[in-house]
Each structure stands twice: as C-alpha cells, then as structure tokens.
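# Architecture at a glance
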Amino acid sequence: MSSVRRIAREEWRLWLRSKVVVAAALIVAVLIAVTSILTANRIANEQAQRVEQQVAAEQTFFAQPDRHPHRMVHYGHYAFRPPPPLAVFEPGVDAVTGQSIFLEGHRQNTAMFADTKAAADLGGFAALTPASLYQLFLPLLLIVLGHALFLRERESGTLAVILAQGLPGTKLALGKAAALLAVIAMFMLPLIAVAAYSVTLGERMLAAFSLVGGYFVYLCAWGAIVLAASVLLTQRAVSLGVLIFVWLFAALIVPRFAINASSAAVDAPGKIESDLIMLAEQRKLGDGHNAADPAFMQLQAEVLEQYDVETIEELPINWRGVVAAYSEAELTDLLNSYAEERMRLEASQSRIFGLFGLLSPTIAVSSASRAIAGTDLATHHRFLRESEALRFGFVQALNEKHAAELDYAIDMNRNADEAARLRARVNASAWQVLDEFRFAPDGADERLGRAGGSLGILLAWLLAAGGIVLVAARRVRL
Amino acid sequence: MTSPLEAKSLSLVREGNAVLDGVSFTVARGEIFALLGGNGAGKSSTLLTFLGFLKPSGGEVLVNGQSVTGDVAAARGAIAYLPEAASLYGHMTAYENLDYFLDLAGKPAGRADLDAALDRVALPAEARTRRLRSYSKGMRQKTAIALALLRETPILLLDEPTSGLDPVAIDEFHDLVKALAGGGQTVLMVTHDVYGACQVADRVGLLRGGKLVGSFSAANGERIDTETVHAAFAERQAA
C-alpha cells in the first residue's frame, strides 16, 4: 500500500474512533439526506403543479364563451415557470423572483409567488436546501475534521517520527488530503443520487454531472484551504479560529457585502419603482380604450388613406380594434424598453456579484450552481421575455379579431341594451389564438457556458489553495 | 574511512539565540557516543540537525559522508530516531503503531518480526493489542524503541532514551544498545543522565551553552569513570 493511502487510512481510523467526528459527520449526512428528500419531493410537486396549472389556465381560456374580444384581453391568462429538474437540488432564485405571471392587455405584471399549501413553509424552513447545505455546512464539517490534520502530528510529536521515517512532508500532506478527499467523495454520493434523480425528471446528463463536478471542485478547494491552515499554523486552536473566520468571511460576510456592493455599483430600480417612473410616458401614448383619443389622429389619417375612405365608419375593419392593436404595440415597446433596461441592470448586478467569487468560493459555487441548474436570474429573465411574448402574441391576435371580426357599428353600440351587448361578440373559437406555453430550461451547453466563469474561479481557488499546501508541506518544519 | 556521523563546526541560531556554536565530533561505525548536557545545552538540537529538521546556521552535518542539507532523504533513510517523548499514536495499539510507521518508512514487517522486536524490549504480550493511550510512559518508550530496532538502520539517534523507564528496563535497554553497537550500528544518544551515559557509551561529550566543552573515552575495555564525568559535568555547569 502506498504511503499516501496508508496515511489516509490511518486518518480515517482516527476519525472513526472519535465519537465527536462520527457524530458530526452523521448529523450532516442525515441533514443532507432529509433535506434532499424533502426538497426533491417539494420541487417535484411544484413542477407537476405548475405544469398542471399552465394546462388548466389554457383550458380555462379556451373554454370561455363567445365574448367581446377586448374582454378576453382583460380576462387574461397565466404563465407558469415550472422548476427545472435540477431545482430539486438548487431551487435558486425561485423563492425571490416569483414563478407565475398574470398576462393581460396593456400591462406587464410582476411575477407572483405560488401560494403556500403548508403553514409550516411560512417559517422559512423550506429555505434550507441541499445546495445551501453543500455550500455552507459541508465546508464547516471539513473544518471540524481537518483543522488539526497536520497540527495534531506537530503537537503530539508524531510529525518528527513520521518525517524521520524518511517520508517527505509533501507525501504526508497528500495522505492527509486523500483522507479529506475520501470524506468529500462520500458526501458527494447524496448529490450524485439527486443528480441521477434529476436525469429521470428530464435533465441532461451533462448538466446534472457538471453540477456534481462543480461541487466536488468547491469542496476540494475548501479541503485544500483547511489543509493549508493546518500545515501553516502552529496551534490547533488558532487553526480552528482562523478557519471559522475564513468560513464566516466567505460564506456570510462576503455574500452580504457583495449584494450591497453590486446594488450600490448598479442602481437598478425595482419593478414597482420603474412602473411608476414609466406611468408619465405611458400617458403620452394615449388610451387604447378610447379610439377618439387625439394621440391616434395620425394613425387615423394613415388608415383612412390606406383604405381610401373618408371616415372610420367606412373602414372595412373595426377602427377600435385597429386602435387597440396600435396602442398595444406602442405600449409594449415602452414597457419592453423599461423591462429590458431593468433586466440589463439586474444582470450587471448579478455579474458584479459573481466577481466576488474571487473573494469567496461560496459565491463562485452558488453562481455556478444556479446557472447549471437553470434557476438563475438569466433563466428568470428569459421566462419574463417569453411570457411577455406570449402576452403580446395573444393580446394582438385578439385585437386583430376585434378589428377583423367585429363590426365597428355594433361595437360602438354594444352598451345600448342587452341585445346590443350580445351582438358585440365574436365566436369562442377565436380564443384558439392563444399559443401553448411550456417554459423549459436552456440547453445544457448554454447553462454551462453561463457557469463557465464561476467554475473557472472555483478551479483557481482549488489550484491556489492546493499550491499553498504543497509548497508549505515541502518546507515543513517541526 | 567515512564516519557514519560527523558534525563539522556545527552552529545553529534559532530566534536570534546561538543554540550550537562550532560543535565538531565524529561517531565511528559501531560506536556509542553520548552527548551529555543540562537543559538547553543544545543536545536535542544536535540530533535534529542530523535528521535535517533544523538547518545549520554554520558548518555542516554529515551522514555517511554526505551533507544532510544536500540529501535529507538519504540521511533519514539511514537513521532510526527515538524522540524523547516516545511520540506514537494513542488511538492505535502497539502493533498498529509499528505497522504504520514501518509502512511509511517503506519497510513493512510481519507480525512475527513485530513480536520479536517487542520481545527484545520486553513489552508484555497482553499489552500489544491495547491502545497506547492506556500505556505507561515506560511502555510507550519500549514501543518506540521497538520501532527504532525494526527500522534496522545503520545509525540510531536516541533522545533521552531511558526517560520514563524503570531501573530494570534501563539496564535491559543499555544491554540492547550495546548489542546493537556490537552488531555494527552507530549510536548517538543525548541525555542528562551521567550514570547512564557512562554505563553504555564508548565516548561521552559534554555539551554546555551550545559548545562541546569536554570529551571522555573508555580505555582498555573499561567503562568511562562516572565520577570523573560527573565532576566535570558539575564543574562545567557551575562555570
């Protein structure tokens, strides 16, 4: 047996004979198992639920009776963002961005949150996810196990005996690293199981196992940091204290600071704030419900000229429908310009936040994790764009029906009496203009491309910490 | 002929303090050389420079004629080292400790060899499967000595080897060291036990304040006179 494997085996023997170490590992293992099962169950339910809700919303829309087409514009529709398969491990931004949107004419509504079915969720316990355990708790376990890996030998005097056997310090360090690596490999098993489960839910193998690889590199980087402290420092208590501080810094302080710093660097107004700012500009566009609004005079002239008629009553199409379509297009341009600007600013904030991965591997892994899982901000933005395209599509299709299938005179007299109201309708078959909407995560290649920078940072962390361990171990003194 | 161990004008400065100052000696093959000195005299530091754990500030140390600084691995491969604290693993049994350290040294041994070495140091058979945390200091010391024996290296470095041993065990240990030297092993031991040094060593050097201030040899097959050395030791200590 090679000396590296032998050292690793003896380290394991020590750990297994230590009740504290076994208890700590068991607690974390149980926590991971329970959280993985609960999160997988919750996400699978949510996924099924949102797909069902999407289908139900479409069926409800299609099932509407004959109506005035503009009533259907306001009847609206829903777009749901089902969690992608890897959300069973990494729910990502789901909890803060909302997962469904009510789509209607003249508005881009804010994404809503799913209603909670269990009161216990209101306590925030659902926030404990497998991803957060891997990002926060496993490094702590590695600190507990590894802070004294080298120091214990130094403090007990066995380091001298080991080195006196002719074993180089680097081999001793590699043996200790192998022991930690085995711990990491063992704790990768639940993640591998979750990744395999996500594949059965439709996830691509490449994405699922890239996520596993990313976390493996992350935990190896932490293992190297822990080992480096154990080689470089001279007292066990100091090593533990320094590593706990590094953990607090990387896992709590830097992320908190990074959020504030990215918000301060890029001032992105929220949805509500930008809606308020936009209102003034929106008013200039005219009221699409009022075909006589002066804002539409030029349009009226153009349309009359196009159809070579003198009055809107002579038009072969319903002028109100034309105005509604025109107004919707103008308004949507305005809404989209604000939405795109807001998303651009949010994406900039997200990029700045990701750069803080250079100070904290926890930030790097969380960014990579969300990107690979398809639960990142970019995916949410795509959901917003696609749901907006769906909204604009069905609203304009209804406006076209309004213009083409409903007579202008009937439309204008719709409020005269009940009979007039009933005449101002189009056939329910017109509601089939609504496109089917099934939001799906990006392809694995695209998600990996987004995660590339963060994965690179993680690798740099591993190489830097591993390099420090090897250099320090080569120069190890008693 | 090359001496297995040689210190040439060895100086060592640690944290601004001169620990060793121009120490020179050689230890011949099969010779037992004891370095005597009080606390802080530089005895253990001398051993650690031969193992490459401490780098000389001046002069050099040679193992089998080769500079330790130039090839630490070769030096450590030729030396079995018995530290003062008999530092072994408390969570392992004697067998497990020996098996582990011999594996690291690249000299794995079977259970029979381990038993033979443990028999030589008189560690009770019933204790060998117990974890070392239940051992007395003497029993731990015996296990560490067994490890040094099992290495079968041409050179033995012993740091206060009889510390913690009872008088009978000390006599047995001295006999063992003499037998090893008789078999050609070179022994450098450091101790502050004047009587023990004189009992076992062929030559005794007096170390004080990092300097080698005296040397005594056995003549005509007799042991070094304890009283002479003791007097010199006391005189040098008082000086």
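Residues numbered from 1 in each chain as written. Chains lettered and ligands numbered in written order. Predicted model: local features only at pLDDT ≥ 70, side-chain atom pairs only at ≥ 80, totals over all residues. Heavy atoms only, no water.

A word on the overall build of chain A. Each helix and strand in chain A was counted, giving 18 helices and three strands. Radius of gyration (C-alpha) of chain A: 30 Å, far over the 23 Å computed for a compact globule of 478 residues. Along the first, second and third principal axes, the C-alpha set of chain A runs to 105 × 40 × 35 Å. Counting all 478 residues of chain A, 50% fall into the buried class. Accessible area of chain A: about 21500 Å², with a carbon and sulfur share of 62%. Here chain A carries 42 positive and 46 negative side-chain charges, and the mean point of each set is 20 Å from the other. (Helix = DSSP H or I, 4+ residues; strand = E, 2+ residues; numbered from the N terminus. Rg over C-alpha atoms; globule rule 2.2 N^0.38 Å. Buried < 20%, exposed > 50% of the residue type's maximum accessible area, 1.4 Å probe, protein only. Areas by Shrake-Rupley, 256 points an atom, 1.4 Å probe, with all protein chains shown as cover. Lys, Arg positive; Asp, Glu negative; His and termini not counted. Charge placed at Lys NZ, Arg CZ, Asp CG, Glu CD.)

With that settled, the discussion passes to the overall build of chain B. Each helix and strand in chain B was counted, giving eight helices and 10 strands. For chain B, the spread of C-alpha atoms along the principal axes amounts to about 50 × 40 × 35 Å. Carbon together with sulfur atoms contributes 48% to the accessible area of chain B, which is approximately 9700 Å² in total. Across chain B, the mean location of the 23 positive side-chain charges is 5 Å away from that of the 27 negative side-chain charges.

Turning next to the sheet that holds strand β4 (residues 58-63) of chain B. Residue and element names in this part refer to chain B. Across the sheet, four strands lie side by side as β2-β1-β4-β5; this open sheet has antiparallel pairing. One side of each edge strand has no neighbouring strand; the edge strands of this open sheet are β2 (17-27) and β5 (66-67). In terms of strand pairing, β4 meets β5 through two bridges, oriented antiparallel. Looking at the pairing, valine 63 lines up with glutamine 66 of β5. On top of the sheet, helix α1 (residues 43-50) reaches β1 (5-14), β2 and β4; it is set at about 115 degrees to β1, its chief contact. (Pairing = 2+ DSSP bridges. Contact = heavy atoms within 4.5 Å. Axes fitted to C-alpha atoms, helices over the stretch in contact; angles between N-to-C directions.)

Looking now at the interface of chain A and chain B. The interface is formed by 21 residues belonging to chain A together with 23 residues belonging to chain B. With both sides pooled, the region where chain A packs onto chain B buries about 2200 Å², and carbon together with sulfur makes up 59% of that total. Contact with chain B buries area across many residues of chain A, yet Arg6, Arg17 and Gln165 of chain A alone supply 30% of it, more than any other trio. Note that arginine 13 of chain A is salt-bridged to glutamate 96 of chain B, the shortest N-O span being 2.9 Å. Put simply, the parts of the chain that give the side of chain A that touches chain B at least two residues each are α1 (3-16), α6 (151-156) and α7 (158-164) of chain A. Its residues assigned to classes, the side of chain A that touches chain B comprises nine nonpolar, six polar and six charged. (Buried area = accessible area lost by both parts, 1.4 Å probe. Salt bridge = Lys/Arg side-chain N within 4 Å of Asp/Glu carboxyl O. Nonpolar A, V, L, I, M, F, W, Y, C, P; charged D, E, K, R; others polar.)

We now examine α1 of chain A. When the terminal C-alpha atoms of α1 of chain A are compared, their 20 Å separation across 14 residues agrees well with the 20 Å that a helix rising 1.5 Å per residue should span. Listed in full, the buried residues belonging to α1 of chain A are Ser3, Arg6, Ile7, Ala8, Glu10, Glu11, Arg13, Leu14 and Trp15 of chain A. Considering only its buried residues, α1 of chain A is in contact with α2 (19-62), α5 (130-146), α6 and α8 (169-200) of chain A together with α3 (94-104) of chain B. (Expected span 1.5 Å × (residues − 1).)

We now examine the side chain of serine 11 of chain B. Take serine 11 of chain B: it is sitting in strand β1. Ignoring any residue separated from it by four or fewer positions in sequence, one finds serine 11 of chain B in contact with Leu20, Asp21, Gly22, Pro56, Ser57 and Gly58 of chain B.

Residues and elements named next belong to chain A. Their axes nearest at 8 Å, the elements helix α14 (residues 361-373) and helix α18 (residues 444-474) cross at an angle of 155 degrees. In this view, α14 runs roughly antiparallel relative to α18, as classed from their interaxial angle. For the pair α14 and α18, the sense of crossing is left-handed. Across from Pro361, Ala364, Val365, Ser367, Ala368, Ala371, Ile372 and Ala373 in α14, the residues of α18 making contact are Arg447, Leu448, Arg450, Ala451, Ser454, Leu455, Ile457, Leu458 and Trp461. Along the lines of polarity and charge, the residues of the contact of α14 with α18 split into 13 nonpolar, two polar and two charged. (Parallel < 35°, antiparallel > 145°, perpendicular 65-115°, else oblique. Left-handed = near helix turned anticlockwise from the far one by under 90°.)

On to the environment of glycine 210 of chain B, then. All names here are of chain B. With respect to the helices and strands, glycine 210 occurs in the loop between β9 (203-208) and β10 (211-217). Taking the C-alpha atoms as reference points, glycine 210 and lysine 107, 103 residues apart in sequence, are found 35 Å from one another. Among residues more than four places away in sequence, those in contact with glycine 210 are Val19, Leu20, Asp21, Val23 and Ala41.

In this section: the UniProt feature "transmembrane region" (unreviewed entry) in chain A. Residues and elements named next belong to chain A. In this structure's numbering, the residues bearing the UniProt feature "transmembrane region" (unreviewed entry) are residues 20-40, 133-151, 177-199, 206-231, 237-254, 352-373 and 451-473. Along residues 237-254, the helical share is 100% and the strand share 0%, with 24 Å between the first and last C-alpha atoms. The distance separating the terminal C-alpha atoms of residues 451-473 is 33 Å; by composition the span is 100% helix and 0% strand. (UniProt positions renumbered as here; feature names shortened; annotations may be inferred.)

It is worth spelling out a negative patch on the surface at this point. A contiguous patch of negative charge on the surface is contributed by Glu302, Glu305, Asp308, Glu310, Glu313 and Glu314 of chain A. Residue placement: glutamate 313 of chain A occurs in the loop between α12 (297-307) and α13 (319-355). (Patch = residues over 30% accessible without salt bridge, like charges linked within 9 Å, V, L, I, M, F, W, Y side chains within 5 Å.)

A word on the pattern of salt bridges. Residue and element names in this part refer to chain A. In this structure the tally under the stated criterion is 35 salt bridges over all chains. Arginine 13 serves as the salt-bridge partner of glutamate 10, at 2.5 Å between the closest nitrogen and oxygen. On the criterion of helical spacing, the pair formed by glutamate 10 and arginine 13 is a turn pair, its members being three residues apart in helix α1. For glutamate 10, a relative accessible area of 4% translates into the label buried. Here arginine 421 makes a salt bridge to glutamate 418, at a shortest N to O gap of 2.6 Å.

What follows concerns the confidence of the model for chain B. For chain B, mean pLDDT is 89; residues scoring 70 or higher make up 97% of the total. Across chain B, the secondary-structure element scoring lowest on mean pLDDT is helix α8 (residues 226-238) of chain B, at 73, and the one scoring highest is α3 of chain B, at 95. (pLDDT = per-residue confidence, 0-100.)

Residue and element names in this part refer to chain A. Taken together, the three strands give an open sheet; going across it, the order is β1-β2-β3, and neighbouring strands pair in antiparallel fashion. Here the strands that pair on one side only, and so sit at the sheet edges, are β1 (77-80) and β3 (107-108). Pairing of β1 with strand β2 (residues 100-104), which is carried by four bridges, proceeds in the antiparallel orientation. Bridging across to β2, tyrosine 78 finds its partner in phenylalanine 102. Packed onto the sheet, helix α15 (residues 377-405) meets β1, β2 and β3 and runs at close to 25 degrees relative to β2.

All names here are of chain B. Here β9 lies mainly inside the structure; five of its six residues are buried. Across five bridges, strand β3 (residues 32-37) lies against β9 in parallel orientation. Across the sheet, phenylalanine 33 pairs through a bridge with arginine 203, a residue of β9. Sheet analysis places β9 next to β10, joined by six bridges and oriented antiparallel.

A few words on the nonpolar core. Membership of the largest hydrophobic core comes to 164 residues, with the highest contact counts inside it found for Tyr215 of chain A together with Phe25, Phe50, Val63, Tyr81, Leu157 and Leu188 of chain B. For this core, the leading source of residues is helix α9 (residues 205-232) of chain A, giving 17 residues. Not counting residues up to four positions away in its chain, the partners in contact with phenylalanine 50 of chain B are Leu5, Glu6, Ala7, Phe25, Val61, Leu62, Val63, Val68, Ala75, Ile79, Leu157 and Leu188 of chain B. Counting residues in each nonpolar core, the second largest holds 23 residues, with Ala339, Val395, Leu398 and Val426 of chain A among its members. (Core = buried A, V, L, I, M, F, W, Y, C linked by side-chain atoms within 4.5 Å.)

Turning next to α8 of chain A. Residue and element names in this part refer to chain A. In a regular helix each residue adds 1.5 Å, so 32 residues correspond to 46 Å; α8 covers 46 Å between its end C-alpha atoms and thus fits that length. Remark: the principal bend of α8, roughly 30 degrees, maps to leucine 189, with a proline, proline 190, within the next four residues. Phi for glycine 202, located one or two positions after α8, is positive at around 115 degrees. (Bend = angle between axes of the 7 residues up to and from the residue.)

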